[in-house]
Structures are given as structure tokens and as C-alpha cells.
Amino acid sequence: MITIVRKNLASLCSTHKSSVSSPLSLSHFFSTRSESRNVIRPKIYDLLLHKHKFSAEVASKVALELDLQKIPENADSILSFLKESGCSSTQLERIVKCKPQILFHNVEDIKLKIKIFLDLGLSPADVAKMISSNQMILHYSTKGKIIPSLSVLKGLLGSDDCVARLLRRSMWPLCANLENTLVPNVEFLKSIGVRMERILFFLYTCPRSFLIKPDVMRKSAEKAKEMGFNESSKMFVQALRVIAPMSKGTWEVKLQSFQDMGFSESDTLTMFKDFPAVFHISREKIVKAKGLLLATGKFNMSSIIDFPGSLGYSIEQRLVPRLRILRILESKNLIKWPTLATMCTLSDDKFFERFVRPHSTEVDEEFVPKRCVKDKN
């Protein structure tokens, strides 16, 4: 018996001797799944590259990932419809690159989703931007997720126009479980005395801040109250926006960072109460803005602590050009140096009318930002 087996094996080796000696032929006997995934399927690749003008890189990536011998039945129809609906080539590439499975969807369901968003008052450009930045929207169930979520938002905001306004700002409210986050958080804020108009403003400006667990919102509100924020103050919701996503450790790191920049803990908390968003400004920007302001000799640390909002303005677009103009005018005894708040908060038009127009012959045009002088002659 053993002799017979040996003879059979010898015969097999002899028959395939030439193929075994070639590395390429080994794949005939030993193929792996990973190797099959490295084969570009030409049909889907050609569809993306030639008909829909995808880049070769993206077309290759999608073709490899799908690992299909044939094109999904609805792929061409889906791509054509999205393009007709307002998606640019770049947006279409982004959608398919991030979620290639979209090519397997029912085209009629995608059409229904797009129609629902358009009926809210969103433009084709709005919808294209939304679905290309958050591709999961196209994967959600229309009846089980999108329609119920829009119904909750309309009940809260009051109209389709308001829902559209929110979605232009962020699609995250459609991605979350609103019944477990947004709804109880809004009800909680109303119950502690926060006016609805402030809640809505907060929702429009930072919708993701509402999409947190209710217990996190409650603890954040308690911390804000302990720090001296009043629920009826407009700064209360601003404080919540900063406090809610921060762990205790992150909060301590922030406080230490401000101390490293020369502010005491008391100074830091004072600034936070006046301007909670100061905690969202990068350390690099704070250091640069503080150095720029102190270098004038007109402002000191107390000036910055009294008006922490100064640290949030654009250094290149606001602080640098205005300080340059004020230095020129002061050197010629033409002005009295304004307060830090005045210098920062005046609109470009008002700054021009107050400081530039009366002394336009004294300030070289090159020192005045173009946006300040257009249509002023």
C-alpha cells in the first residue's frame, strides 16, 4: 500500500515538474484571498474611470475593495443620478471612495432621500455638500431613521425652513438618536430656566453640543452654575458648549496651560466667565496675540483679562493691520489710543470712518487692508 502511494506521488511530481519549478505557477495550487483582492476588476474600474471621470487612484481603490467580477446592477444609475442631482466629480468621488457600498443601493430609495431634503428647502448644492461630507446619510433607512429624525427636528424647531437651516450647519442631528439626546437635553435646559430662543441659538451654532448623554448635560450645567454662570445669562449655554466635551483631566490641563502662559488660575476663570470660547483658542494663537498686544506698550495683562475676546480675533486680518495704523497715527499725535475692546470690536467700516478717513493723507494705502478702503473714495 505504501509503495503504491509513493508511486502515485512520484507520478504527480513528475507530471507537474515544470510547473512546480516556476514561481508563477504556484498560484495555480496555492491561492489566497488576499491575492484575489489585489486583482482590479476591469468593468467597475472602467465605469468609474472613463464614464464617470474618477481619478485612476480612486477608481482602482474602489474596484479593489468591492472585489466584484461584475458591475453592481444599479451602479451606473446611482452615479448618474447623483451627478444629475448636483454632485460635482470631486463630491461623487468622495462619496464612493468612503462608502463604495453605495453602488449596491436601490436607486429609487436614494432618489426618495434626495427629494425629502429638497422638499425641506435645501438647494441641490446644499444636498450635494451634505451627502458628500457625511456619506452615512445615504445608508440610513428612509422610513426608519431619516423621516422620524426630521419629524423630531420639525417639532422642535417649528418649520421646514428652520430644519433646513440647521442641516446646512450640520448633518449630525440626523446621525444621532434624537430621542435619547437632543430631546431630553432641550427639555432639561428649559426646566432650569434657559430661554428657548437661547437654546435654539445654541442649537444652530453648535448642534453637536446637544447630541450628548443627558447626564453629561446635567453635570455640565451644575459645573457652570458652580462657576457663577446664571441660567438666564446668554453666557450659560456658551459655557456648556465648552464644559460638556471636557473631562476633568482636560480641564486641568487647560488651566495649567493658561498658567504657563502667564495667567493665574483666578485670571483664567475670570476670562472664562467673560468669554468661555477662550478655552477653544489654541495655545499658539494666544501666545502670539498676547505678545503682539503687550508689545504695543498700550495694553497690559489686565487689559487682556478684562477683554479676553481680543485673543480670538484674527491676528493677520485684524490685530496686525489695526495696530500698525494706530501706531502711525499716534506717532503724528493725531489720535488718542483706543481701548482694547474698541480696537477689536469695531467693524471694518467703523474703524475706517473713525481712524482712517479723517487722516487718510497720513496713512499710506499699503498699510490699510483692501477690504477697509473699497468703495470708500
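Cut-offs used in this document
- Residues numbered from 1 in each chain as written.
- Predicted model: local features only at pLDDT ≥ 70, side-chain atom pairs only at ≥ 80, totals over all residues.
- Heavy atoms only, no water.
- Helix = DSSP H or I, 4+ residues; strand = E, 2+ residues; numbered from the N terminus.
- Buried < 20%, exposed > 50% of the residue type's maximum accessible area, 1.4 Å probe, protein only.
- Contact = heavy atoms within 4.5 Å.
- Areas by Shrake-Rupley, 256 points an atom, 1.4 Å probe, with all protein chains shown as cover.
- Axes fitted to C-alpha atoms, helices over the stretch in contact; angles between N-to-C directions.
- Parallel < 35°, antiparallel > 145°, perpendicular 65-115°, else oblique.
- Left-handed = near helix turned anticlockwise from the far one by under 90°.
- Nonpolar A, V, L, I, M, F, W, Y, C, P; charged D, E, K, R; others polar.
- Core = buried A, V, L, I, M, F, W, Y, C linked by side-chain atoms within 4.5 Å.
- pLDDT = per-residue confidence, 0-100.
- Polar contact = N/O pair within 3.5 Å; in protein donor to acceptor, adjacent residues only side chain to side chain.
- Salt bridge = Lys/Arg side-chain N within 4 Å of Asp/Glu carboxyl O.
- Phe/Tyr/Trp six-rings, centres within 6.5 Å; stacked < 30°, edge-to-face > 60°.
- Lys NZ or Arg CZ within 6 Å of the ring centre and 35° of its normal.
- Arc of directions from axis to C-beta.

Engineer: What exactly am I supposed to notice about the overall build of the chain here?
Structural biologist: For the chain, the count of helices and strands is 25 helices and zero strands. Every one of the 377 residues in the chain was classed for burial, and the buried ones make up 43%. Sequence separation of at least 24 residues holds for 69% of the intrachain contacts in the chain that already meet a minimum separation of 6. Carbon and sulfur atoms make up 53% of the accessible area of the chain, which totals about 20900 Å².

Engineer: Honestly, the packing of helix α6 (residues 56–66) against helix α8 (residues 89–98) in this entry has me stumped. Any pointers?
Structural biologist: Between two packed helices, the angle of one axis relative to the other and the distance separating the axes together describe the packing. As a packed pair, α6 and α8 sit with axes 9 Å apart at the nearest point and diverge in direction by 25°. Considering the angle they form, α6 stands roughly parallel to α8. Where α6 crosses over α8, the two elements pack in a sense that is left-handed. Along its contact with α6, which presents V58, K61 and V62, the element α8 presents E93, V96 and K97. Of the residues belonging to the contact of α6 with α8, the class tally is three nonpolar, no polar and three charged.

Engineer: Where do I start with the nonpolar core in this structure?
Structural biologist: Among soluble globular proteins, nonpolar side chains are generally buried collectively. The biggest cluster of nonpolar side chains holds 111 residues, and the ones touching the most others in it are F117 and L167. If near-sequence neighbours (up to four positions away) are discounted, L167 is found in contact with L120, L122, M130, L150, L153 and L174.

Engineer: Which parts of the structure should I look at to understand the confidence of the model for the chain?
Structural biologist: Segments scoring low in pLDDT should not have their predicted coordinates read at a detailed level. For the chain, per-residue confidence averages 85 on the pLDDT scale, and residues scoring 70 or more make up 84% of the total. For the chain, per-element mean pLDDT is lowest for helix α3 (residues 26–29), which scores 34, and highest for helix α21 (residues 301–306), which scores 97. For the stretch residues 373–377, pLDDT sits under 50, and the model shows six contacts to residues farther than four places along the chain or on other chains.

Engineer: Please clarify how the side chain of H52 should be interpreted in this entry.
Structural biologist: By the secondary structure assignment, H52 is in the loop between α5 (42–51) and α6. For H52, the side chain forms a polar contact with the side chain of K83, separated by 3.5 Å. Among residues more than four places away in sequence, those in contact with H52 are L47, D76, L79, S80 and K83.

Engineer: Is there a simple way to explain the pattern of salt bridges in this structure?
Structural biologist: Side-chain pairs of opposite charge can arise whenever the charged atoms involved come near each other. Tallied over the entire structure, the rule returns 16 salt bridges. Between D160 and K154 there is a salt bridge, with the nearest N and O atoms lying 3.4 Å from each other. Linking E231 and K225 is a salt bridge whose minimum nitrogen-to-oxygen distance equals 3.7 Å. Judged by its relative accessible area of 31%, K225 falls in the partly exposed class. Here the salt bridges do not stand alone but share partners, grouping E222, K225 and E231 into one network.

Engineer: Help me understand the packing of aromatic side chains in this model?
Structural biologist: Given two aromatic rings, their pairing is described by the distance between the two centres and the angle made by the two planes. This model, assessed by the stated rule, comprises nine aromatic pairs. Between the aromatic rings of F299 and W337, the centroid separation amounts to 6.3 Å while the plane-to-plane angle is 65°, which identifies the pairing as edge-to-face. Here F299 is found in the loop between α20 (283–294) and α21, whereas its partner W337 is found in the loop between α22 (315–331) and α23 (340–345), with 38 residues between them in sequence. The structure contains a cluster of three or more aromatic residues connected by ring pairs, namely F229, W251, F258, F263, F272 and F279. Taking the ring centre of Y204 as reference, the NZ or CZ of R165 above it sits at 3.7 Å. Stacked on the ring of F188, the Lys or Arg R218 has its end atom at 5.8 Å from the ring centre.

Engineer: Hey, could you run me through the packing of helix α11 (residues 142–157) against helix α12 (residues 160–169) in this one?
Structural biologist: Relative orientation of the contacting elements α11 and α12 amounts to 110°, with a least axis distance of 8 Å. It follows that α11 is roughly perpendicular to α12 by the angle criterion. Viewed along their axes, α11 and α12 form a crossing whose handedness is right-handed. Together, L150, L153, K154 and L157 of α11 and D160, C162, V163, L166 and L167 of α12 make up the contact between the two elements. Tallied by class, residues from the contact of α11 with α12 come to seven nonpolar, no polar and two charged.

Engineer: It is not clear to me how unusual backbone geometry should be interpreted in this structure. Could you clarify?
Structural biologist: Of note, K53 is a non-glycine position whose phi angle comes to about 60°, a positive value. You can see K53 is positioned in the loop between α5 and α6. The exposure class assigned to K53 is exposed, which follows from its relative accessible area of 57%. Its identity is not glycine, yet N333 carries a phi of approximately 55°, on the positive side. Examined against the element boundaries, N333 turns out to sit in the loop between α22 and α23.

Engineer: Just checking my understanding: could you explain the side chain of S209 for this structure?
Structural biologist: One can find S209 in the loop between α15 (196–205) and α16 (214–226). Take S209: its relative accessible area is 11%, and that puts it in the buried class.

Engineer: Before we go on, may I ask you to explain helix α19 (residues 265–274) in this structure?
Structural biologist: Because each turn of an α-helix spans 3.6 residues, side chains separated by three or four positions in sequence point in the same direction. Among all positions in α19, only T268, M271 and F272 are buried. For α19, the arc enclosing every buried residue in end-on projection is 100°, short of the 170-degree limit, so these residues lie on one face. Summarising the contacts, the buried residues of α19 are in contact with α17 (234–243), α18 (248–260) and α21.

Engineer: I'm lost on the environment of F275 in this one. Help?
Structural biologist: Mapped onto the elements of the fold, F275 is located in the loop between α19 and α20. By relative accessible area, which is 25% here, F275 ends up partly exposed. Sequence separation between F275 and M235 is 40 residues; the distance between their C-alpha atoms is 7.8 Å.

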